[in-house]
Amino acid sequence: MECGPALPDSLVLEIFLRLPHDAVLSAGLTCRQWLAVSRDEFLWRELFYSYYRIPRSVPRHPAAVSWYREFKRLYDCIPCVEVQTLREHHDQVLHLAFSHRGHRFSSCSKDCTVKLWDTEQPDGTISLVHSSSMRQFNWGYTQFSQFNADDSLLLVSGVYLGPHHCSSGEIAVISLDNYTLLSRVRNKPYDVFGCWLNETHLISGNLHWIGNMTSCSVLWLNKAFQDVESENANVVKRLFKIQNINASTIRTVMVAHCRRHDNPDLLLDYEAQSQARAQNQKAQQHQPLLFDLGTTDSEEEEEEEEEEHQRETRVQGPSTARLPLPSALGHVIQGRQSIAARELQIEATVARMMGRAHTKAPDPSLINSAPAEGEDKTYLLFTTGSLTYSPHQIGIKRIMPDQMTTSGPVLGEERSSDEFFDSLDHVIDIHGHIIGMGLSPDHRYLYVNSRAWPAGCVISDPMSPPPIAEEIDLHVIDLKSLREERRSLRAHRAFTPNDECFFIFLDVSRDFVASGAEDKHGYIWDRHYNICLARLAHDDVVNSVAFSPADQELLLSASDDSTIKVWRSPRMVRLAQTPARPPRPRNLLSSWLERSKNATSANSMNAKP
């Protein structure tokens, strides 16, 4: 049977442009001509922008080699297939953290345990390695954990139930060699969480109230091994002492090491694109592009706790885990019932005046100057505020090399009597309630979950913050330029009001960013294209997500439904289900004889005249 004349390539291309991508792939199996057209770059460029609804001004990922492979990467390499559900926790799971090698991860829960899991089983499943209960130390629950740089120690943060039913935080350091407890450090308020500064030192917080709405946050550097040597060497040193006004406090500390800022994994260049489009327009201030995705002092502490009990116990303000305990704002609320608004206003004014008079002047060169050769520029990041108690600002302090250890004066660097407080080196206002933060693997970008305040709102009462949106904004801050680069709108949702709002942990891999949400789903976005790629279903609030540092096609999600779900990409699932090919049997002797025979034959032919 004779074949009819082939259609022109241009006509086949026009037809393919009107088909969905899966139909194009199927049609490409028909004949060689259609296969060649189905791999056309122009075709897949059009399919890419139309399917993912990406603005055409956004260029292709800088590491992509073709539009076809880029389409396939976003479609086939997203960890969106549930492959395992871990049910060993017996209450809400609040946080997940991978080791730097990716071979283990830890989980924290309202059941007051921290569990360690192995991800390197031969069959690809995840198994429980160890579980430690912190109830013996009078903890209410565990809320956060972090591996140190060499994965030998685990920092575990939780809520400590102290005397008179008051609660603050505590940090425990556990050895991963034999799972022994090495040290415990008080941490107040408990949503400071704590973090590692380096392999052997961690950062904790303390809070001292000065007035009804004025306080002082002290950030401490602690040595992880607080053993016999502590009799002869410092195991703690004060890093910073910062004044808080209007009932705000410092929370959620994390450390960014800026050694790779000039060579990031992924450079977000939307600002350059925006400038190119506006080159013929009047110059204006930088604005982020918006894409609508549519949818130790123990005696002092005991005295303070006694004082707090007499004034209605204080714990940290609303913003993290959900334990029905007295709030750190309890004394503020009680004070407002008996103190006139005029007196509170006077206190705020006096606090500002005291802050201006007794705060060490900021040094702009600390942020702008480049580190010396061989030095690592290190930032301490945290949430704070100036207008109300809800965290709405990102504070940044540079940590200098001489502050990296506990050697030297316990109270830190020498200061004059007038320099009572440390100033912030830089502040970024988010204009909303911050409910989550996460660093990119190269520490170049900070991703921030927030729930926005109404545009143009004015805060007249620090104890009455503006209403917050149900939609969660995902902000991206460049830690090299220290400004916001872009923001994704209305992708995930939360429903709790200001005074019940809690922390939702997000995580960032080389190419993706993921976050939990109160709408019973986790979400995954592409960092370059800023589009939402997947929704991960749970039966309750998703509190935390975590990418494997060794493989971004493996993702974990933790939920109030007491489960941890394991997600892998469709590509990895197919590879795991494909039976391994048996190795071809080879007879070494026969192979050698065959090669020798061929070589002899060739030599004899070459020897003929």
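Overview of the structure. Keep in mind it's a predicted model, so treat the numbers as computed, not measured. (Residues numbered from 1 in each chain as written. Predicted model: local features only at pLDDT ≥ 70, side-chain atom pairs only at ≥ 80, totals over all residues. Heavy atoms only, no water.)

Moving on, we come to the overall build of the chain. When its secondary structure is counted, the chain shows 12 helices and 29 strands. Going through the 609 residues of the chain one by one, you find that 53% of them count as buried. (Helix = DSSP H or I, 4+ residues; strand = E, 2+ residues; numbered from the N terminus. Buried < 20%, exposed > 50% of the residue type's maximum accessible area, 1.4 Å probe, protein only.)

Turning next to the packing of helix α4 (residues 41–52) against helix α5 (residues 67–76). Between α4 and α5, the shortest axis-to-axis distance is 8 Å and the interhelical angle comes to 30°. In terms of their interaxial angle, α4 and α5 are classed as roughly parallel. Contacts between α4 and α5 involve Glu 41, Trp 44, Arg 45, Leu 47, Phe 48, Tyr 49, Tyr 51 and Tyr 52 from the former and Trp 67, Tyr 68, Glu 70, Phe 71, Leu 74 and Tyr 75 from the latter. Across the contact of α4 with α5, the residue classes break down as 11 nonpolar, no polar and 3 charged. (Axes fitted to C-alpha atoms, helices over the stretch in contact; angles between N-to-C directions. Parallel < 35°, antiparallel > 145°, perpendicular 65-115°, else oblique. Contact = heavy atoms within 4.5 Å. Nonpolar A, V, L, I, M, F, W, Y, C, P; charged D, E, K, R; others polar.)

Enumeration according to the criterion identifies 16 salt bridges in this entry. For Glu 82, the salt bridge is made with Lys 565, and the minimal N-O distance between the two is 3.5 Å. By relative accessible area, Lys 565 is classed as buried at 12%. Ionic pairing is found between Arg 571 and Glu 553, a salt bridge with its closest N-O pair at 2.8 Å. On the criterion of sequence distance, the pair formed by Arg 571 in helix α11 (residues 570–577) and Glu 553 in strand β28 (residues 551–559) is long-range, its members being 18 residues apart. Note on Arg 571: relative accessible area 30%, which makes it partly exposed. Residue class for Glu 553 comes out buried when judged on its relative accessible area of 9%. Within the structure, one salt-bridge network assembled from shared partners comprises Glu 70, Arg 73, Arg 510, Asp 511 and Asp 526. (Salt bridge = Lys/Arg side-chain N within 4 Å of Asp/Glu carboxyl O.)

Further remarks concern the sheet that holds strand β27 (residues 542–548). Spatial strand order, β1-β29-β28-β27: 4 strands in an open sheet with antiparallel pairing. Each edge of the open sheet carries a strand with a single partner, namely β1 (81–86) and β27. Taken pair by pair, the neighbouring strands of this sheet meet at an average axis angle of 25°, ignoring direction. In this sheet, strand β29 (residues 564–568) lies alongside β1 in antiparallel orientation, the contact comprising 5 bridges. When the sheet's bridge partners are listed, Gln 84 is paired in β29 with Val 566. (Pairing = 2+ DSSP bridges.)

Here the bond from Lys 188 into Pro 189 is cis, since omega is -5°, no more than 30 degrees from zero. Its place among the elements puts Pro 189 in the loop between β9 (181–187) and β10 (195–196). For Asp 151, which is not glycine, the phi dihedral falls at a positive 60°. The exposure class of Asp 151 is buried, given its relative accessible area of 11%. Positioned with a positive phi, Tyr 179 is a non-glycine residue whose angle comes to about 60°. Among the secondary structure elements, Tyr 179 is positioned in the loop between β8 (167–175) and β9. Residue classification places Tyr 179 among the partly exposed positions, given a relative accessible area of 24%.

With that settled, consider the environment of His 95. With respect to the helices, strands and loops of the structure, His 95 is situated in strand β2 (residues 93–98). As a C-alpha pair, His 95 and Cys 108 span 13 residues in sequence and 5.2 Å in three-dimensional space. Those residues in contact with His 95 that lie beyond four places of it in its chain are Ser 106, Ser 107, Cys 108, Gln 143, Phe 144, Ser 145, Phe 505 and Ser 544. Polar contacts involving the side chain of His 95 include one to the main-chain amide nitrogen of Ser 145, which spans 3.2 Å. (Polar contact = N/O pair within 3.5 Å; in protein donor to acceptor, adjacent residues only side chain to side chain.)

Listing the buried residues of helix α1 (residues 9–16) in full gives Val 12, Leu 13 and Phe 16. Considered in projection along α1, the buried side chains sweep an arc of 100° and stay on one side of the axis. Buried residues along α1 sit against α2 (21–27), α3 (32–37) and α4. (Arc of directions from axis to C-beta.)

Attention shifts here to the packing of aromatic side chains. Tallying each qualifying case throughout the model produces 22 aromatic pairs. Judged by centre distance (5.8 Å) and plane angle (85°), the rings of Phe 48 and Tyr 49 are edge-to-face. Residue classification places Tyr 49 among the buried residues on the basis of a relative accessible area of 5%. Counting every residue linked through ring pairs, the aromatic cluster contains Trp 44, Phe 48, Tyr 49, Tyr 51, Tyr 52, Trp 67, Tyr 68, Phe 71, Tyr 75 and Tyr 529. The residue whose ring lies beneath Arg 39 is Tyr 68, and the NZ or CZ to ring-centre distance is 4.6 Å. Across the ring face of Tyr 141, the terminal group of Lys 110 is positioned such that the distance to the ring centre comes to 5.2 Å. (Phe/Tyr/Trp six-rings, centres within 6.5 Å; stacked < 30°, edge-to-face > 60°. Lys NZ or Arg CZ within 6 Å of the ring centre and 35° of its normal.)

Turning our attention to α4. For α4, built from 12 residues, the straight-helix expectation of 16 Å at 1.5 Å per residue is met to within 8% by its first-to-last C-alpha distance of 16 Å. Among the residues of α4, Leu 43, Trp 44, Glu 46, Leu 47, Phe 48, Tyr 49 and Tyr 52 are the ones counted as buried. Summarising the contacts, the buried residues of α4 are in contact with α1, α2, α3, α5 and β26 (532–537). The N-terminus of α4 is capped by Asp 40, whose side-chain oxygen sits 2.9 Å from the backbone nitrogen of Phe 42. Just beyond α4, the residue with positive phi is Arg 53, at close to 55°. (Expected span 1.5 Å × (residues − 1).)

Looking now at the environment of Phe 503. Within the element layout of this structure, Phe 503 appears in the loop between β22 (483–493) and β23 (506–508). You can call Phe 503 buried: its relative accessible area is 5%. C-alpha of Phe 503 to C-alpha of Met 437: the two residues are 66 residues apart in sequence and 9.0 Å apart in space.

What follows concerns the sheet that holds strand β14 (residues 251–257). Strand order in this open sheet of 4 strands is β14-β16-β17-β18, and the pairing throughout is antiparallel. The open sheet terminates on both sides in strands that have one partner only, identified here as β14 and β18 (426–429). The mean inter-strand angle of the sheet, taken between neighbouring strand axes irrespective of direction, is 20°. Judged from the 5 bridges that link them, β14 and strand β16 (residues 378–384) form a sheet pairing that is antiparallel. The residue of β16 that forms the bridge with Ala 256 is Tyr 379.

A cluster of nonpolar side chains, namely Leu 7, Leu 11 and Ile 15, defines an oily patch on the protein surface of about 230 Å² accessible area. The topology assignment puts Ile 15 in helix α1. (Patch = residues over 30% accessible without salt bridge, like charges linked within 9 Å, V, L, I, M, F, W, Y side chains within 5 Å. Areas by Shrake-Rupley, 256 points an atom, 1.4 Å probe, with all protein chains shown as cover.)

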